[in-house]
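# Report on the structure
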Amino acid sequence: MTTSYVDGALGRMRSRSVGERRPGVPELVLVQGMGVANYLMPGLGAFGGWTRAHLLELPGFGGSGDPPFELTVPQFGDAVAHWLAARRLGPVVLAGHSSGTQVAADAALRRDDVAGVVLASPTVDPVARGPVRLLVRWRLDGRREPPGLTETHRPEWRRAGIRRMLHLVRVHLDHAIETPIAKLPTPLLVIRGRADRISTPRWGRRLAALAHGGEYTEVPGAHTFPWRDPHAWSDPVRRFATTLG
């Protein structure tokens, strides 16, 4: 695994990369969830089995220092687009998990090197679009998540701080992911855990239907299904990516 940093006007971004580039297979760029990224490391390793894969941490997170100001979802999208421009990877699959789906969808509109987009456990479902409703659904989903997940998140939550975490909740609730998805010029894959209580099957299918060439699939697990079973999403993403090369 290699770790690198890219500096931009919106702050420094850390990326952790594994695997090797394969002919005819796009590299994969994975955007972190809400204030946390380490839980995605097992999934990154699974992706690294078939392509070069990068876990991207947004400005202000991942030990990369504070951004110059608190960012909105479109600004996080700008930061991801800047990272892609700086790295010059060629065709990539841009993926996000949870709130990272909103950032990935926004960033994909800014780059013509994004060959496809993957939204895993996309947020925010209209049924949870409000701080109280989102909190209730997050707590219900937590009952279905594997033991130890919260303990994995806590160090990153503490590092981010409650003010920044509350800011993240607010800006993601204010952002409608449907808007960028409807404009995507690339194929889209939506993946949802069957036991997810934060999003619904109807919502996942609606997002897939909004995009040109949208596909919807379900895998075992709750909202954070990649942590328990990294291959639950690696296999469908691999199939998706190999059709784009």
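Our subject is the structure that appears above.
Below is a short write-up of the structure. (Residues numbered from 1 in each chain as written. Predicted model: local features only at pLDDT ≥ 70, side-chain atom pairs only at ≥ 80, totals over all residues. Heavy atoms only, no water.)

### Section: the overall build of the protein
Convention followed: A run of DSSP states H or I qualifies as a helix once it reaches four residues; a run of E qualifies as a strand once it reaches two. Both are numbered from the N-terminal end. Only C-alpha atoms enter the radius of gyration; for comparison, a globular chain is expected to reach 2.2 Å times N to the power 0.38, where N is the number of residues. Accessible areas in this description were obtained via Shrake-Rupley with a 1.4 Å probe; residue shielding takes into account the shown protein chains only. For the charge count, each Lys or Arg is scored as positive and each Asp or Glu as negative, with His and the chain ends excluded. Charge placement uses NZ in Lys and CZ in Arg. For Asp and Glu, CG and CD serve respectively.
Within the protein, the regular secondary structure consists of 10 helices and eight strands. Scaling as 2.2 N^0.38, a compact globule of 245 residues should have a C-alpha radius of gyration of about 18 Å, and the protein matches this with 16 Å. The principal-axis extent of the C-alpha atoms belonging to the protein is close to 45 × 40 × 35 Å. Of the accessible surface of the protein, which amounts to about 10300 Å², a share of 53% is contributed by carbon and sulfur atoms. The distance from the centre of the 32 positive side-chain charges to the centre of the 22 negative ones in the protein is 3 Å.

### Some remarks on the pattern of salt bridges
Once their charged atoms are close, side chains differing in charge can pair, the charge on each being opposite to the other. Applied cut-off: Each salt bridge in this description consists of a side-chain nitrogen of Lys or Arg and a carboxyl oxygen of Asp or Glu lying within 4 Å of one another. For each residue, the accessible area found with a 1.4 Å probe, counting protein chains only, is set against the maximum for its type, and the residue is called buried under 20%, exposed over 50%, and partly exposed in between.
This structure, assessed with the given rule, holds 11 salt bridges. A salt bridge links Arg-16 to Glu-57, with the nearest nitrogen and oxygen atoms 3.3 Å apart. With Arg-16 in strand 2 (residues 11–18) and Glu-57 in strand 4 (residues 53–57), this residue pair connects regions lying 41 residues apart in the sequence. Looking at Arg-16, the relative accessible area reads 9%, which means it is buried. For the salt bridge of Asp-78 with Arg-110, the shortest nitrogen-to-oxygen distance reads 2.3 Å. Here Arg-110 lies in the loop between helix 3 (100–108) and strand 6 (114–120) and Asp-78 lies in helix 2 (residues 73–87), a separation of 32 residues in the sequence. Within this structure, Arg-14, Arg-16 and Glu-57 form a network of salt bridges that share partners.

### As for the packing of helix 2 against helix 3
Put simply, the rule is: Fitted lines through C-alpha atoms give the axes, limited to the stretch in contact for helices. The angle between two N-to-C directions lies from 0 to 180 degrees. Crossing handedness is read from the near helix: turned anticlockwise from the far helix by less than a right angle, it gives a left-handed crossing, and turned clockwise, a right-handed one. Pairs of residues are marked as contacts when any of their non-hydrogen atoms sit within 4.5 Å. Three classes are used, and their members are as follows: Ala, Val, Leu, Ile, Met, Phe, Trp, Tyr, Cys and Pro are nonpolar, Asp, Glu, Lys and Arg are charged, and the others, Gly among them, are polar.
At a minimum axis distance of 8 Å, the contact between helix 2 and helix 3 shows a crossing angle of 60°. Read as a crossing pair, helix 2 and helix 3 show a hand that is right-handed. The segment helix 2 lies against helix 3, with Val-73, Pro-74, Phe-76, Gly-77, Val-80 and Ala-81 engaging Gln-102, Val-103, Asp-106 and Ala-107. Here the contact of helix 2 with helix 3 is composed, by residue class, of seven nonpolar, two polar and one charged.

### Observations regarding unusual backbone geometry
Following Thr-123, the chain continues into Val-124 via a peptide bond in cis, with omega recorded as -5°. For Arg-88, which is not glycine, the phi dihedral falls at a positive 50°. With respect to the helices and strands, Arg-88 occurs in the loop between helix 2 and strand 5 (92–97). Relative accessible area serves as the criterion here: at 73%, Arg-88 is assigned to the exposed category. Positive phi outside glycine occurs at Ser-98, with the angle close to 55°. Looking at the element boundaries, Ser-98 is found in the loop between strand 5 and helix 3.

### Description of the nonpolar core
For the record, the criterion: Think of a nonpolar core as a cluster: buried Ala, Val, Leu, Ile, Met, Phe, Trp, Tyr and Cys residues, connected wherever their side-chain atoms sit within 4.5 Å.
Core analysis: the largest hydrophobic core is formed by 40 residues, its most contacted members being Val-29, Leu-58, Val-80, Trp-83, Leu-94, Ile-181 and Leu-188. Going through the elements one at a time, strand 3 (27–31), helix 2, strand 5, helix 3, strand 6, helix 6 (162–174), strand 7 (188–193) and helix 8 (201–210) are the ones with two or more residues in this core. In terms of residue count, the dominant contributor to this core is helix 2 (six residues). Among all residues touching Ile-181, those that are not within four sequence positions of it are Ala-105, Leu-119, Leu-188, Leu-207, Leu-210 and Ala-211.

### Thoughts on the side chain of His-175
Here His-175 lies in the loop between helix 6 and helix 7 (178–183). For His-175, a relative accessible area of 9% corresponds to the buried category. Residues in contact with His-175, not counting those within four places in the same chain, are Val-73, Pro-74, Gln-102, Asp-106 and Pro-180.

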